[in-house]
Structures are given as C-alpha cells and as structure tokens.
Amino acid sequence: MRRKSAVRKPKAARKTRRPARRSPAKRPDPIVTLVAAGAKALALPIDPVWREGVAFNLRLILSHATQVDEFPLPDETEPAPVFRA
Amino acid sequence: MLETVAPDLRWSTAADIAAAVGAGRTSAVSVVEAALARISARDPVLNSFTAVTERRALMRARALDAARARGEPTPPLCGVPFAVKNLFDIAGMPTLAGSKINRDAPAAKHDATLIERLEAAGAVLIGALNMGEYAYDFTGENVHDGPARNPHDLSRMTGGSSSGSAAAVAGGLVPFALGSDTNGSIRVPASLCGLFGLKPTYGRLSRAGTFPFVASLDHVGPLARSARDLASVYDAMQGYDARDSACADHAAEPVAALLDRGTAGLRIAVAGGYFKCRTAEAVYAVDHVAAALGANRDIDIPQAERARSAAFIITASEGASLHLDRLRARARDFDPAVRDRLLAGALAPASLVVKAQKFRRWYRSEVLKLFAEVDAILAPATPCTAPLIGQRTFTLNDVELPVRANLGLYTQPISLIGLPVVAVPVPFAPLPIAVQIVAAPWREDVALRIAHALETKGVAAAMRPKEI
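Residues numbered from 1 in each chain as written. Chains lettered and ligands numbered in written order. Predicted model: local features only at pLDDT ≥ 70, side-chain atom pairs only at ≥ 80, totals over all residues.

A.B. asks: Would you explain the overall build of chain A in this entry?
C.D. replies: A count of helices and strands for chain A gives three helices and zero strands. Helices (α) and strands (β) of chain A occur, in sequence order from the N terminus, as α-α-α. Burial statistics for chain A: of 85 residues in total, 15% are counted as buried. (Helix = DSSP H or I, 4+ residues; strand = E, 2+ residues; numbered from the N terminus. Buried ≥ 20, exposed ≤ 12 C-beta atoms within 10 Å, placed from the backbone.)

Take a look at the structure:
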C-alpha cells in the first residue's frame, strides 16, 4: 500500500497552492486549551462561554504559583498541614 | 421594680446589655424585642440577615428572665442578642453558606458548637447573616441574596465574606456577630465597616457545625463594637471540641480579666516591606496606631508576598476539591464569579499546590522567629476604605488591581500560618479602616490587650453611622 505522503508534488506546484493573503493561523491559547482538556478529563461541565473566565482565574493561580515555584526550598521540607484526630 | 424600657440597643455594648439584664434594669425579652424591631425597620436597607429566628429568640429570652426571677445566677452574656454568618449550623434550618445550592440541603440537626457555648453563657441567637457565596469572597456581594450594605454609606461594600456579620453589628442591629476567616473574611469587613474583629489562632475555636471552605485555613471568630466585647465573647467560646479535628487540645485561657493590664512592657513593631501601603487612609491608620503605642521600629516579615501567593493557590485548590461534586452536578447554580474561580482551582497542578504547602511550612518557621524580638506586629487590614458596590478594580501603589481578589492582600500572609489577629477600627473621614494587630500563636491576650488600650486612648473606635 502506498502512503499518501509518498506522493509529493513538485515544489513549484505546492507553492502556487498556498493561499497568498491568508493571515497566519492563530495559535490557540494554551491556558484555554488546558481548561477545555482539564474539564473533559475531570468531567467538569465547563460551558464554552465560561472558558475565558475560568482561563483568567487559572492564569491568576499560575502567576501566584510561579512566585512560589521560584523560591528554593530544601528537599527535606515537609508540607504544612497538620491534622489531628 | 423592673424597668421595661430596653437599653439603647442600637449602640450598647454586650457588656452594657448583660449588666442591665443582670441588674434587672431591663429584661432579656425587652432587649430581644427591641433587636427584632430594629431588624424589621433597618434590615430591608442593610440586607444583613437571611433568616430571623424570632420564635426561638423570644423563647430563650423568656427562659433567661424566668431563671433570673427564680434567683438563679445570671450568666455573663445574659440576654445579649447575637447573629451568625449563615455557614453556622442552626438546628432546624439548612446551612446556606451564602449559596443557592445549599437551600436544598437537609436542615441542620444541631446548632454549631459556638452557638451552643454562647447560649450557655446567656446570649440569645436571633438569626443568620448574609455572606459571600461559600466564603470565597472579599466584597460582600452575593448574587442570590443581594449585597449586604455598608452602614456608613449604603452605596459601598461591607467587605466579605462575613458581610452580613459586619453590616448587622456596624448597623446597630446586634452588639456582636460571628463570622469566619479563611483569608481575611473577618478582618476585611471589620476594616470596611469600622469594627473590632478577632481571628484567633488556627485550632483555638471550634469550627464544628460550620460549613467548610479551606480546611487547612478556616478560622471562626467574632466581630463587635468594642475590644472588651470581643474578649468576653471569645472567652465564652474557648475550649477543646472533639467534633472539630483541627481544634487543638489547648486549655481555655480567658482574656477579659487581663485587658486592663495595658501595653507596658510589650514590644510592638510595624510590618515593613510588602505591608508598606501608600494609600492615604492605610498610612494614616497604621501611623496613628503606631504612634499611640510608641511602636517606632519596622520589622520585615520575610517573603510575605510569596506567602500571599501560597495562600491563593492553597485556597483555590482546596476550595475546588470541596466543591468538585457540586461543580459537576450544579455548576449553573453557583455565583458565576465564584464558579469560575473554583473551576480554575480544580485545574491547578497538584505539584504546585504541594509546593505551596511546603513553602508554608518554611514561612511559618521564619515568621515565628520574629516573635523572639517582638510581641506584636502592626499591619494594614485593607489597602483602602470601602469600595463602591459593583466596583471591579482599585488602584494600589499606582497599579490597578481587581477588587474581589485583592482586598485581602494584607490579611492572607497572616492567616496562612494561623497567627492570632485583632483588627482594630480607626476612625477616618468619611469611612473607617482597620489595622491588624498580629501576635504569636496562642497569644490572643496580647492582641486584645493592645486593642483595648487603643480603644481606651480613643485611637481605635467603632464609628457610629449617621443614621443610627
């Protein structure tokens, strides 16, 4: 069986097929993509209309997380919560 | 003969009311009826109550009057009306926690521990109070119940999430109320409404029978119009409770009798660096309090800004974890602003949340070292006086910031490690603002003594709104 990619057109022909005036494809915002994927993985019903609001808050959380992540801590540091039974 | 005219409940302290009832100058029933009448007249404007427990309150007041008539000793808070943020269980009612969803929950079978303890001390519960949905709020706005309104200016925020607690006390409806404080939810409304507020040491007061938010950060405490009331109410609520797994087995340490010791010998410093707010009202409040206390040295709370970030991440993540099932089943029934924050929190990477908890441990050990040098630290409670209801942003140190997430930027680094704090109100025209008095773990007595001294000097005071 021949693979499609094996059939290559001459370079000139390919060049002429490229749309001349199309603006460069907009890359999807990785946080919005994460929101959509995370919602699916966790079975969270995030309405597409809410995505930008959730993404805004997730960016905020991640900006705070960066602050914490940049701070060097010894490997031996234990997490803080103490639970008493 | 029993005088039937109730004291001026609108601005009487709990101490005054208890003394009047105890001495027979009025009755518990008269006091409660006056409070109910005041709520009926004023709360349609303030919007602080979500339920008024009139029948229960009158029954309780009659029982107190009957006990007194029998010659039984009067308890310390005899006949003092109070109300609670609606995340406290009240037997026979669903615990709303500011939400629409919880209206469908079964009624609570028992009162929260702190309500039981206050009623055992003679106080009378008269209702449940408005709050930000699920306590994830600094503004006091609520899409389901409407915003509680600031008694000093009805167009302005109360602060949150203990919004109704602050509005009811500052509005003269009750002399004290209970709230909860995860990141600043007692101290922020105390500041914007001009009240005394106590966030005790983590694990000091029982949270049993309260709807949670962030288990490792949740505290409960009172708001009042005087430091003495704060201390009396706090004393009545102390003690171990096996129903709250975070409640420390720590002996009760009554404070009210210590208040008059003053501040002599206490080493007090002003928080520098991150806490140096440049707004006129915050500068005035901190400077005024520091001058009155002779606090002329600054102290650096190390990595406070990062601590606030850690609190932010932990809150988002633990809060989302609590509400995951509700987000799956009833996302549309949340306040949209709260829902978006919780959904984002559900997607926060666990590796960073754990790192925030590790940082929290490091930060705690560093801050505790400071208390070898000082007994108390002063810091602003909020960066500004009350914003307008609906206001989305404010400017702080030349940077425009969202209101909802940032009113607590000076409270979060403190509650992250569970230190006790008293917010003391400083009169400032046209609106009040508060200063935090931060003490070492289990030293609520130090913060309350300082608060009382400031009140005695006239530096701290709960401003009486013009309408009252």
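Having put the structure on the table, let's press on.
A.B. asks: For this particular structure, what's the right way to read helix H3 (residues 54-69) of chain B?
C.D. replies: Residue and element names in this part refer to chain B. The end-to-end C-alpha distance of H3, which contains 16 residues, comes to 22 Å, matching closely the 22 Å that a straight helix rising 1.5 Å per residue would cover. Considered for burial, the residues of H3 that qualify are Ala57, Arg60, Ala61, Leu64, Asp65 and Arg68. Buried positions in H3, seen along its axis, are confined to an arc of 135 degrees and lie on one side of it. Opposite the buried face of H3, by more than 90 degrees, sit the exposed residues Arg55, Ala66 and Ala69. If you follow the buried residues of H3, they end up packed against helix H2 (28-46), strand E2 (81-85), helix H4 (113-120) and strand E3 (124-129). Looking at the residues trailing H3, positive phi occurs at Gly71, about 90 degrees. (Expected span 1.5 Å × (residues − 1). Arc of directions from axis to C-beta. Contact = placed C-beta atoms within 7 Å.)

A.B. asks: How should the sheet that holds strand E5 (residues 196-199) of chain B be read in this particular structure?
C.D. replies: Each strand in a sheet pairs with its neighbour through backbone hydrogen bonds, running either in the same direction (parallel) or in the opposite one (antiparallel). Residue and element names in this part refer to chain B. Pairing is mixed in the open sheet, where eleven strands are placed in the order E1-E3-E2-E4-E6-E5-E12-E13-E9-E7-E8. Two strands close off the open sheet at either side, each with one partner strand: strand E1 (49-52) and strand E8 (298-299). By the bridge criterion, three bridges tie strand E7 (residues 268-271) to strand E9 (residues 376-380) in an arrangement that is parallel. Each bridged residue has a counterpart across the sheet, and for Ile268 the counterpart in E9 is Ala376. Most of the contacts of H2 go to E3, to which it runs at about 20 degrees, and overall it touches E1, E2 and E3. (Pairing = 2+ DSSP bridges. Axes fitted to C-alpha atoms, helices over the stretch in contact; angles between N-to-C directions.)

A.B. asks: Teacher, can you tell me more about the confidence of the model for chain B here?
C.D. replies: Residues shown with low pLDDT carry predicted positions that ought not to be read at fine detail. Residues and elements named next belong to chain B. Here chain B shows a mean pLDDT of 96. Residues at 70 or above account for 99%. Scored below 50 in pLDDT, residues 1-5 shows six contacts in the model against residues more than four places distant or in partner chains. Complex prediction metrics read pTM 0.93 and ipTM 0.92. (pLDDT = per-residue confidence, 0-100.)

A.B. asks: What should I look at first to understand the environment of Asp69(A) in this one?
C.D. replies: Residue position: Asp69(A) is located in helix H3 (residues 51-69). Apart from residues lying up to four places away in sequence, Asp69(A) is in contact with Leu352(B) and Lys355(B).

A.B. asks: I keep staring at the interface of chain B and chain A and nothing clicks. Help me out?
C.D. replies: One frequent convention defines the size of an interface as the accessible area lost when the parts assemble. Each side of the interface is counted separately: chain B has 33 residues, and chain A has 30 residues. At the level of elements, helix H9 (304-330), helix H10 (336-346) and helix H11 (350-370) of chain B are the ones that each hand at least two residues to the side of chain B that touches chain A.

A.B. asks: What should I look at first to understand the nonpolar core in this one?
C.D. replies: Note that soluble globular proteins tend to have their nonpolar side chains buried in a common cluster. Counting residues in hydrophobic clusters, the biggest one holds 166 residues, and the most contacted among them are Phe196(B), Val424(B) and Ile437(B). Broken down by element, the residue count for this core peaks at ten residues, all from H9(B). (Core = buried A, V, L, I, M, F, W, Y, C linked by C-beta atoms within 7 Å.)

A.B. asks: What should I look at first to understand the pairing of E7(B) in this one?
C.D. replies: For a regular strand, side chains alternate in direction, first toward one face of the sheet and then toward the other. Residue and element names in this part refer to chain B. Where E7 meets E8, two bridges bridge the pair, whose relative direction is parallel. Within the sheet, the bridge partner assigned to Val270 lies in E8 and is Asp298. One crossover worth recording links E7 to the parallel E8 by way of helix H8 (residues 280-293), and it is right-handed. (Right-handed = clockwise from strand over helix to strand, strands pointing away.)

A.B. asks: Looking at this model, I keep getting lost on H4(B). Mind explaining?
C.D. replies: Spacing of three or four residues puts side chains on the same side of an α-helix, whose turn is 3.6 residues. Residue and element names in this part refer to chain B. Residues of H4 that are buried include every one of Thr113, Leu114, Ile115 and Leu118, and no others. Looking at the packing, one finds that the buried side of H4 touches E2, E3, strand E4 (176-181), strand E6 (219-224) and helix H7 (227-237). Within two residues after H4, Gly122 carries a phi angle of roughly 100 degrees, on the positive side.

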